Amino acid sequence: MIAAPQKGKRMRHATIIATALAAMMATGTAYAADHQVQLLNKGEQGVMVFQPNYIEAAPGDTVTFVPTDKGHDAASIDGMIPDGAQPFKGEISKPITVTVDKEGVYGVKCVPHYGMGMVALIVVGKPVNLEQAKTVKQPGKAKKVFAELLEKVSAGK
């Protein structure tokens, strides 16, 4: 007869422990953020822009590029992603979500409007590949926009 109350007590303890573990696991994923970036024909910084075009993220966050206006995509730029990060390229007029799991800077372009300066910079944790990213040659207006964005990183924003 004494065993029955102890069994019930053990069940309550097991339930409490399971609930606590579930809460801790849920909390671990709750810290990952999704940063939304609009792809626009006209935005706060002019024509053919990512808005925002400078994103600070933590490892494990996601960035969703939303083609608010049609005719845009989002793609990583060769030489402007951290070692070990996966390059990405979205489809024209379709959203793409990218998980940024490596520390460093990620250069992003809209392929059709790259020369017009439609670029963005994602900074994840420490900008470990900043000097490498600065050496990548940029076409047209992208050169000026990236100079400004990379200066933000160098200045610590």
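Residues numbered from 1 in each chain as written. Predicted model: local features only at pLDDT ≥ 70, side-chain atom pairs only at ≥ 80, totals over all residues. Heavy atoms only, no water.

Focus on the overall build of the protein chain
Along the backbone of the protein chain there are 3 helices and 8 strands. Reading the helices (α) and strands (β) of the protein chain from amino to carboxyl end gives α-β-β-β-β-β-β-β-β-α-α. Here the protein chain, with 157 residues, has 39% of them falling under the buried criterion. Put simply, 64% of the contacts in the protein chain that link residues at least 6 apart link residues at least 24 apart. Accessible area for the protein chain stands at about 9300 Å²; split by element, carbon and sulfur atoms hold 59% of it. (Helix = DSSP H or I, 4+ residues; strand = E, 2+ residues; numbered from the N terminus. Buried < 20%, exposed > 50% of the residue type's maximum accessible area, 1.4 Å probe, protein only. Contact = heavy atoms within 4.5 Å. Areas by Shrake-Rupley, 256 points an atom, 1.4 Å probe, with all protein chains shown as cover.)

Description of the environment of Ile96
For Ile96, the position within the fold is in strand β6 (residues 96–100). As a C-alpha pair, Ile96 and Asp73 span 23 residues in sequence and 8.3 Å in three-dimensional space.

Considering the sheet that holds strand β8 (residues 119–124)
Spatial ordering of the open sheet is given by β3-β8-β7-β5, a layout of 4 strands whose pairing is mixed. Of all the strands in the sheet, the pair left with one neighbour each is β3 (54–57) and β5 (75–76). Bridge analysis of strand β7 (residues 104–109) against β8 gives 6 bridges, and the strand direction is antiparallel. Looking across to β8, one finds that Tyr106 is bridged to Ile122. Across the face of the sheet, helix α3 (residues 140–154) comes into contact with β3, β7 and β8 while running at roughly 20° to β8. (Pairing = 2+ DSSP bridges. Axes fitted to C-alpha atoms, helices over the stretch in contact; angles between N-to-C directions.)

Side note on the pattern of salt bridges
Using the criterion set out here, one finds 3 salt bridges in the structure. Across the salt bridge formed by Lys89 and Asp73, the nearest N and O atoms sit 3.4 Å from each other. Of this pair, Lys89 sits in the loop between β5 and β6 while Asp73 is found in the loop between β4 (61–66) and β5, placing the two residues 16 residues apart along the sequence. Residue class for Lys89 comes out exposed when judged on its relative accessible area of 57%. Its relative accessible area of 2% is what places Asp73 among the buried residues. As a salt-bridge pair, Glu148 and Lys144 come within 3.1 Å of each other at their nearest N and O atoms. In this pair, Glu148 and Lys144 are both assigned in helix α3, 4 residues apart and thus about one turn of the helix distant. The exposure class of Lys144 is exposed, given its relative accessible area of 53%. (Salt bridge = Lys/Arg side-chain N within 4 Å of Asp/Glu carboxyl O.)

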